[in-house]
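# Descriptive structure summary
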Amino acid sequence: MATTPGLGGGGSVGVAFETTMGTYVPPVIYVPIISESLEYTEEKYLSEQIRQQSIHTEAKPSYYHVEGDIEMEVDPELIVYFLYCGRHTVTKTGAATPWTYKFVPNSAGTASTAAGTSAQKTMSITIVRNGEVFGYTGCALGGFEFSIDTDSGVLMATLNIFGLSEAVASDPTEAWVAPKLYGADAHYLRLDTAGIAPAFAGSPDVNHNGVTFGVNFNAEAQNRIRADRSASYISFGITEGTVSAEIDFLTRADYDFFKATNKRAIRVESLTGGVTLAAASHGVQLQANNYFFNSYSIPLEGMGDLVAAETEGRMLGIAGGDAYAVTVKTMVTSIV
């Protein structure tokens, strides 16, 4: 127990896949984060009995769940754990190091956990805050955003987490892997015609100033009548995929593309050791196979400001294929 206030830098976050959804598992790997906001979320019941007073007269515990965000620099050895807990079907390839994990959307209605390399998982998350340990169980990925920071060029991720309950957890013994991050010289962005398997054979596009690749599963904690206040399960709603970017405005081509609701594909790769994912020693590939510009604005913001288009694209399903894919090539062997 701490006797003085502590700094966030003294904390830690550890994760582990669960065998049984909602049953706590101590960490198997520790995740260096930038920040986190996971919390016990409950709206207490306040009684409004009429008894000659105009103030609540009693409070009772209500249903609760766990919810919050984790912000981190994208590391191929760590991000895979979280993507496994999303609404994904997974394909693992490779007979030896490195392994490649490809995550594509599915239509599962709820979070679940099962053995095997292709199955969705839930995780237990252990957080140490100023020496106090918090354990969260049944955690699923409610959505995510990958962004290339416009100031530093580093690939970042914001992960939206939903969990079933809080559990008693012991003080962990942390161990850290060497960081594998993707800086400003690691990125390639290519565009192509929408399709099941776009080739992306052209040269990289060099006119994007930052890009955000986001997926929202519209997750919600669901409570059912039972002798327990924790969430019964995590449900998923409509999957919404977005690609947001600021693009140098050079011609009307993309603007006319937006007005016509034309479709195209985009691939963003962050790589080490090669200029393609196949050639790289490790990397992350974000790909939307069928998206359109849902908004496209070209403001004159000021005398000294560059003229740029602020855009948001929306992903669409495509017959016989996947709306998007997140592929991670990693050296780690012990994920599943």
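Structure's up top.
What comes next concerns the included structure. In this text the structure is predicted, and so the values were computed from the model without any measurement.

Now for the overall build of the protein. Regarding its fold elements, the protein presents 2 helices and 22 strands. Referenced to the eigenvectors of the C-alpha coordinate spread, the extents of the protein come out at roughly 70 × 55 × 45 Å. Per-residue burial over the protein gives 44% buried out of 336 residues. Summarising the internal contacts of the protein: among those between residues at least 6 apart in sequence, 69% fall at separations of at least 24. When the accessible surface of the protein is split by element, carbon and sulfur atoms take 52% of a total near 16,300 Å². Once the 20 positive and 36 negative side-chain charges of the protein are each reduced to a mean point, those two points are 9 Å apart.

Further remarks concern the nonpolar core. Counting 71 residues, the largest nonpolar core has Ile79, Phe144, Phe146, Leu159 and Phe213 as its most contacted members. When residues of this core are assigned to their parent elements, the largest contribution, 7 residues, is made by strand S11 (residues 132-148). What Phe213 contacts, discounting residues up to four positions off in sequence, is Phe144, Glu145, Phe146, Thr242, Val243, Leu286, Gln287, Ala288, Met315, Tyr324 and Val326.

Before going further, it helps to examine the state of the cysteines. Per the stated rule, a full pass over the model turns up 0 disulfides. Left without a disulfide partner, Cys85 is nearest to the cysteine sulfur of Cys139, which lies 8.1 Å away.

A word on unusual backbone geometry. A positive phi is found at Asn218, a non-glycine position, where the angle reads about 50°. Topologically, Asn218 is positioned in the loop between strand S15 (208-216) and strand S16 (220-222). Residues other than glycine seldom take positive phi values, yet Thr261 does so here, at roughly 55°.

A complete count under the given rule lists 8 salt bridges for this structure. A salt bridge links Arg129 to Glu36; the shortest N-O distance between them is 2.9 Å. Residue Arg129 is found in strand S10 (residues 123-129), and its partner Glu36 is found in strand S3 (residues 35-36); the two are separated by 93 residues along the sequence. One salt bridge connects Arg226 with Asp228, and the closest N-O pair in it is separated by 3.9 Å.

Turning next to the side chain of Ser147. Structurally, Ser147 is set in strand S11. A polar contact is formed between the side chain of Ser147 and the side chain of Thr212, at a distance of 2.9 Å. When sequence neighbours within four positions are dropped, the list of residues in contact with Ser147 reads Val154, Leu155, Met156, Val211 and Thr212.

Right, let's talk about the packing of aromatic side chains for a bit. Counting across every chain of the model gives 17 aromatic pairs. Centroid distance Phe17 to Tyr81: 5.3 Å. Interplanar angle 35°. Geometry classified as tilted. Within this pair, whereas Phe17 is found in strand S1 (residues 12-17), its partner Tyr81 is found in helix H1 (residues 79-83), the two being separated by 64 residues in sequence. As far as the burial class goes, Phe17 and Tyr81 line up, both buried. Consider the rings of Phe17 and Tyr84, whose centres lie 5.7 Å apart with planes at 70°: the pair is edge-to-face. Here Phe17 is found in strand S1, whereas its partner Tyr84 is found in the loop between H1 and strand S8 (88-93), with 67 residues between them in sequence. Just as Phe17 is buried, Tyr84 falls in that class too. The ring of Phe134 carries the charged tip of Arg129 above its face, separated from the ring centre by 4.6 Å. Positioned above the aromatic ring of Phe257, the side-chain terminus of Arg264 is 5.5 Å from the ring centre.

Attention shifts here to the pairing of strand S21 (residues 308-315). The sheet contact formed by strand S18 (residues 240-248) and S21 spans 7 bridges and is antiparallel. Each residue of the ladder has a partner; that of Ser244, found in S21, is Glu312.

With that settled, the discussion passes to the environment of Leu191. Secondary-structure assignment places Leu191 in strand S14 (residues 187-193). Not counting chain neighbours up to four residues away, the residues in contact with Leu191 comprise Phe200, Asp205, His208, Arg264, Ala265, Ile266 and Tyr291.

Turning to the side chain of His88, a few remarks are in order. Structurally, the position occupied by His88 is in strand S8. Leave out the neighbours within four places in its chain, and His88 touches Leu83, Phe103, Val104, Pro105, Asn106, Gln120, Phe144, Phe217 and Tyr324.

This part covers the environment of His65. Along the chain, His65 turns up in strand S7 (residues 64-73). Among all residues touching His65, those that are not within four sequence positions of it are Glu39, Tyr40, Thr41, Phe162, Gly163, Leu164, Ala221 and Ala231. Within the structure, His65 has its side chain in polar contact with the side chain of Glu67 (distance 2.8 Å).

Thresholds, definitions, all that
- Residues numbered from 1 in each chain as written.
- Predicted model: local features only at pLDDT ≥ 70, side-chain atom pairs only at ≥ 80, totals over all residues.
- Heavy atoms only, no water.
- Helix = DSSP H or I, 4+ residues; strand = E, 2+ residues; numbered from the N terminus.
- Buried < 20%, exposed > 50% of the residue type's maximum accessible area, 1.4 Å probe, protein only.
- Contact = heavy atoms within 4.5 Å.
- Areas by Shrake-Rupley, 256 points an atom, 1.4 Å probe, with all protein chains shown as cover.
- Lys, Arg positive; Asp, Glu negative; His and termini not counted.
- Charge placed at Lys NZ, Arg CZ, Asp CG, Glu CD.
- Core = buried A, V, L, I, M, F, W, Y, C linked by side-chain atoms within 4.5 Å.
- Disulfide = S-S within 2.5 Å.
- Salt bridge = Lys/Arg side-chain N within 4 Å of Asp/Glu carboxyl O.
- Polar contact = N/O pair within 3.5 Å; in protein donor to acceptor, adjacent residues only side chain to side chain.
- Phe/Tyr/Trp six-rings, centres within 6.5 Å; stacked < 30°, edge-to-face > 60°.
- Lys NZ or Arg CZ within 6 Å of the ring centre and 35° of its normal.
- Pairing = 2+ DSSP bridges.

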